[in-house]
Amino acid sequence: MTLVRRAVPGDAEEVLRLRQVMIDSMPQASSPSTDWHADSLPVLRARLAEADGTFAAFVVDHPDRHGLAALAAGTIDYRIGGAHNPHGIDGYIFSVATDPDARRRGHARACVEALLEWFRERGARRVRLTASAQAEPLYASLGFTRRPDPLLELRL
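Residues numbered from 1 in each chain as written. Predicted model: local features only at pLDDT ≥ 70, side-chain atom pairs only at ≥ 80, totals over all residues. Heavy atoms only, no water.

Draft legend 1. Structural context of the overall build of the protein. When its secondary structure is counted, the protein shows four helices and five strands. In sequence order, the secondary structure elements of the protein are arranged as β-α-α-β-β-β-α-β-α. With the principal axes as the frame, the protein shows a C-alpha extent of 50 × 40 × 35 Å. Classification of the 156 residues of the protein by burial places 37% in the buried group. For the protein, contacts bridging at least 24 residues in sequence account for 65% of all contacts bridging at least 6. Accessible surface, the protein: about 10,000 Å² in total, of which carbon and sulfur atoms supply 55%. Put simply, the protein has 20 plus and 20 minus side-chain charges, and the middle of one group is 5 Å from the middle of the other. (Helix = DSSP H or I, 4+ residues; strand = E, 2+ residues; numbered from the N terminus. Buried < 20%, exposed > 50% of the residue type's maximum accessible area, 1.4 Å probe, protein only. Contact = heavy atoms within 4.5 Å. Areas by Shrake-Rupley, 256 points an atom, 1.4 Å probe, with all protein chains shown as cover. Lys, Arg positive; Asp, Glu negative; His and termini not counted. Charge placed at Lys NZ, Arg CZ, Asp CG, Glu CD.)

Structure (structure tokens):
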């Protein structure tokens, strides 16, 4: 059985390490640089300290060594409601990663399931994510479906 827990500020360095594992595994990764970690770390620690905030990360401790084995992180967003989501509360999953030496043990699934429960408890009626081809079967097994939504992006 995989034991999942909510990440705490002391997990911040390991959360960033696992996020980098995810970034490095994506074919469109822009850079393997970790220079951004120093700027991100204090912000992440502060966000992990907010028990009632709009951000959460769920983790599994590595069973074979010190550190984390898996991570799922996401946010709650408000959007003006609509027919399928009248309160406008959406969940967004943006980081799911498993340490390479801890894969195929159900850790990522357990973390995502905990994050989905966190979204439900906060009234989210829809959860969105972007999945790699390798991860898509996991999300499909959890009920996610592919959408044709066109996505545009502007970097400020």
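Draft legend 2. Fine view of the sheet that holds strand 1 (residues 4-6). Read across the open sheet, the five strands follow the order 1-2-3-4-5; overall the sheet is mixed. Of all strands in the sheet, those with a lone pairing partner are strand 1 and strand 5 (126-129), marking the two edges. Across the sheet, the mean angle from the axis of one strand to that of its neighbour is 25 degrees, orientation sign disregarded. The pairing of strand 4 (residues 89-98) with strand 5 spans four bridges and is classified as parallel. What sits directly across from Gly91, in strand 5, is Val127. (Pairing = 2+ DSSP bridges. Axes fitted to C-alpha atoms, helices over the stretch in contact; angles between N-to-C directions.)

Draft legend 3. A look at the pattern of salt bridges. Summed over all chains, the structure comprises 16 salt bridges. Note that Arg45 and Glu13 form a salt bridge whose closest N and O atoms lie 3.3 Å from each other. One end of the pair, Arg45, is in helix 2 (residues 37-49); the other, Glu13, is in helix 1 (residues 12-25), with 32 residues separating them in the sequence. A residue is classified by how much of its surface remains accessible, and Arg45, at 34% relative accessible area, is partly exposed. In this structure, Arg79 engages Asp90 in a salt bridge whose closest nitrogen and oxygen atoms are separated by 3.3 Å. (Salt bridge = Lys/Arg side-chain N within 4 Å of Asp/Glu carboxyl O.)

Draft legend 4. Examining the environment of Ala49 more closely. Within the secondary structure, Ala49 is located in helix 2. C-alpha separation for the pair Ala49 and Leu129, spaced 80 residues apart in sequence, amounts to 24 Å.

Draft legend 5. Broad picture of the nonpolar core. Within the largest apolar cluster, 23 residues are counted, with the highest numbers of intra-cluster contacts made by Ile93, Val96, Val112, Leu115, Trp118, Phe119 and Tyr139. Among the elements of the structure, strand 2 (55-61), strand 3 (68-78), strand 4, helix 3 (107-121) and helix 4 (136-141) are those that each provide at least two residues to this core. Beyond its immediate stretch of four places on either side in the chain, Phe119 contacts Gly74, Thr75, Ile76, Gly91, Tyr92, Ile93, Ala124 and Val127. One finds Phe55, Ala57, Val59 and Ala97 within the second-largest nonpolar core, a separate group that totals 18 residues. (Core = buried A, V, L, I, M, F, W, Y, C linked by side-chain atoms within 4.5 Å.)

Draft legend 6. Structural view of the packing of helix 1 against helix 2. Packing of helix 1 against helix 2 brings their axes to within 9 Å, and their N-to-C directions diverge by 120 degrees. Between helix 1 and helix 2, the interaxial angle falls into the category oblique. As helix 1 packs across helix 2, the resulting crossing turns out to be right-handed. Every residue of helix 2 that contacts helix 1 at Ala12, Glu13, Val15, Leu16 and Gln20 is listed here: His37, Ser40, Leu41, Leu44, Arg45 and Leu48. (Parallel < 35°, antiparallel > 145°, perpendicular 65-115°, else oblique. Left-handed = near helix turned anticlockwise from the far one by under 90°.)

Draft legend 7. Focus on the pairing of strand 2. Counting buried positions along strand 2 gives six out of seven residues, so the element sits mostly inside the fold. Across three bridges, the pairing between strand 1 and strand 2 is antiparallel. Paired with Arg5 across the strands is Val59, a residue of strand 2. Pairing between strand 2 and strand 3: seven bridges, direction antiparallel. Looking across to strand 3, one finds that Val59 is bridged to Leu71. Here strand 2 hands over to strand 3 after six residues, with Gly67 in that stretch at a positive phi of 115 degrees.

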